[in-house]
Amino acid sequence: MAFISGAAVTGRTASAETQKVCSARASVFTARRSVQRVAVRGSMARRANGVRMEAAAATSEMVEAPGAKNSPHHTDCKIGSEVSPVMAKKGIKRPVIIGVAADSGCGKSTFLRRVLNIFGAEISKAHTPQGEFITVICLDDYHIHDRAGRRDAKVTALDEVANNFELMAAQVTALKQGKAILKPVYNHDTGNQDPPELVEPNHLVVIEGLHPIYDKKVLEQLDLSVYMDVSNEVKLSWKVQRDMAERGHTLENILASIEARKPDFEKFVDPQKQKADIVLNILPTKLVPDDDENKFLRVQMIQRESASFDKVSIFDEGSTIDWVPCGKKLACSYPGIKFHYGPDTYYGEDVSLIEMDGVVEKLEEMIYVESHLNNTGTKFYGEMTQQLLKNPNAPGSTNGTGLFQVLIALKMREVYEKCTGNKVIPGQSD
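Rules used in this analysis
Residues numbered from 1 in each chain as written. Predicted model: local features only at pLDDT ≥ 70, side-chain atom pairs only at ≥ 80, totals over all residues. Heavy atoms only, no water. Buried < 20%, exposed > 50% of the residue type's maximum accessible area, 1.4 Å probe, protein only. Helix = DSSP H or I, 4+ residues; strand = E, 2+ residues; numbered from the N terminus. Pairing = 2+ DSSP bridges. Patch = residues over 30% accessible without salt bridge, like charges linked within 9 Å, V, L, I, M, F, W, Y side chains within 5 Å. Areas by Shrake-Rupley, 256 points an atom, 1.4 Å probe, with all protein chains shown as cover. Salt bridge = Lys/Arg side-chain N within 4 Å of Asp/Glu carboxyl O. Lys, Arg positive; Asp, Glu negative; His and termini not counted. Charge placed at Lys NZ, Arg CZ, Asp CG, Glu CD. Core = buried A, V, L, I, M, F, W, Y, C linked by side-chain atoms within 4.5 Å. Axes fitted to C-alpha atoms, helices over the stretch in contact; angles between N-to-C directions. Parallel < 35°, antiparallel > 145°, perpendicular 65-115°, else oblique. Left-handed = near helix turned anticlockwise from the far one by under 90°. Contact = heavy atoms within 4.5 Å. Nonpolar A, V, L, I, M, F, W, Y, C, P; charged D, E, K, R; others polar.

So, on to the pairing of strand S13 (residues 278-284). Burial analysis of S13 places 6 of its 7 residues in the buried class, the great majority of the element. Note: S13 against strand S14 (residues 297-304), 7 bridges, orientation antiparallel. Counted as the bridge partner of Leu-283 is Arg-298 from S14.

Structural data, given as C-alpha cells:
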C-alpha cells in the first residue's frame, strides 16, 4: 500500500466488466513488462533565449510529436519513444484521462480544487501542476499562435484553426500509453509561447480548457468527459460584476467583448456539451421572479445514461421527483430550495437529470439531502457534506454549483477506480 498525498491507493484486479467499460472509450494500455532504461539527459536545450530545461532522471528518449510542425512555436514538442520508467516507479497501472471543458470564468479552478480534495491529492504551483497522483494540463498551451499572431491572423483562441489538435491528440495519447511528453507552454501573462516543458504520465491526468471534447482523437482517449455550461444570462451577470467592480471596465466594453466572442463560442465550444458524459448546467432561478442580477441559481447535473458510472438519483432511481426539503431538518432562508430528479433527453441522448434551485442556509445540514441521494460514490456516510464544508466560502458553495461539483468529483474517483482496479481511500488527516 502506497500513501500518495493524503490518499492510500491499494491495487486490486479490475473485473472483466469494468475493464471492458473503460476500454470502450479508449485504446487499451499495455505496459511492457520490462522498460529499457536509457542514458539520462542532464539537461535539454531550450530555444535560443538560452533557457535550459532539466529533464527528469528517468526520462526515456524522445521523438518528434505528430503535429509539431503545424506551428513554429511547437517544433520542439516531443513524445517518449518508450514507456516512461515513472510508470513502474509510481506503480501506475495505466493513466486515466479526464476532460473538463468550459469557457473562461465558468468555475474550473474551484471545481478542480474540489477534485483534489476528493482524491486527497496535492499538486505543484508550476505552469502545468503535477503531483504524485494528479496532473492538470491546460489546453490553451496548444494554441497555434501567440497573442500577437492571433491578432494578425484575425482569429480568436476559440476557433479550431487557432489550436493544434493534431499535437494535442498525439500527446494525450502518449500520456495514456504511459509515455512522457515535451508539451508546449502558452504564457497567459505575456501572451507569448514559452519553451516546452516535460510532463510525465500520472495516475490521473485532467485536461481542461476550451476544447477537450472537440477533437475526435482526443475524445477517444477520455475515460470521462465533463462540460461546465453557464447560461448567457448568468455569464453576463458574472462578467459584469467582476469586470466592472474589479477591473474598471464599462458596461459597453463588456457587452462588446461578449458579442465578439459569441459566434466562435457557439460554433466551437458550446457544441461539446452534446458529447459530454456529464454536464453541469447553471441557469437563472425559477424561485424568484425578475432576478435580473442572478443572485440565486438553478443548477443541473445532466448524466448521460450510456456513460460508465452509476447515475446519482434522489430517492428511487429512474423515478420522477420534485422535492422541497425545507423543514425541521434543513433550514431554508429566502427563497428556499427545490430539487427535481428524473429521466430526460438531452440532444437526443437519454440522460438522468438532477436539479437544485435556491440556496442552503447551513452547509452542515446538507447531510439531510445527502441521506436521500443514491449512487453518490461516497466512501462513508457524510463524505459529500464533509467535502462541501472544506470549501465553505468558494463560489457556489451554498447553491447547486458546489453540490454538483462535489458529486462530479466523486464520479471522477469512481471512474478512476473502475478503470484501474485501484481503490482510493480518503486520507484520515483532515
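Glancing now at unusual backbone geometry. Put simply, Tyr-334 and Pro-335 share a cis peptide bond, and its omega is 5°. Counting through the fold element by element, Pro-335 comes out in the loop between strand S16 (321-323) and strand S17 (337-346). Unlike most non-glycine residues, Lys-154 shows phi in positive territory, near 55°. Here Lys-154 lies in the loop between helix H4 (147-153) and helix H5 (165-176). A relative accessible area of 74% means that Lys-154 is categorised as exposed. Unlike most non-glycine residues, Phe-315 shows phi in positive territory, near 60°. In this structure, Phe-315 sits in the loop between strand S15 (313-314) and S16.

Together, Glu-305, Glu-317, Glu-349 and Asp-350 make up a region of like negative charge exposed at the surface. By secondary structure assignment, the location of Asp-350 is in strand S18 (residues 349-358).

On to the nonpolar core, then. Judged by nonpolar contacts, the single largest core of 59 residues is most densely connected at Phe-119, Ile-134, Phe-404 and Leu-407. Judged by nonpolar contacts, the second largest core, of 34 residues, contains Phe-165, Leu-175, Val-205 and Leu-222.

Contact geometry for helix H3 (residues 108-119) and helix H11 (residues 400-420): axes closest at 9 Å, N-to-C directions at 50°. When the axis of H3 is compared with that of H11, the two are oblique. Judged by the sense of rotation from one axis to the other, the crossing of H3 with H11 is right-handed. Residue-level contacts link Thr-110, Phe-111, Arg-114, Val-115, Ile-118 and Phe-119 of H3 to Gly-402, Gln-405, Val-406, Ile-408, Ala-409, Leu-410, Met-412, Arg-413 and Tyr-416 of H11. Grouping the amino acids of the contact of H3 with H11 by side-chain chemistry returns 10 nonpolar, 3 polar and 2 charged.

In short, the description is geometric, and any link to function would need to be established separately.
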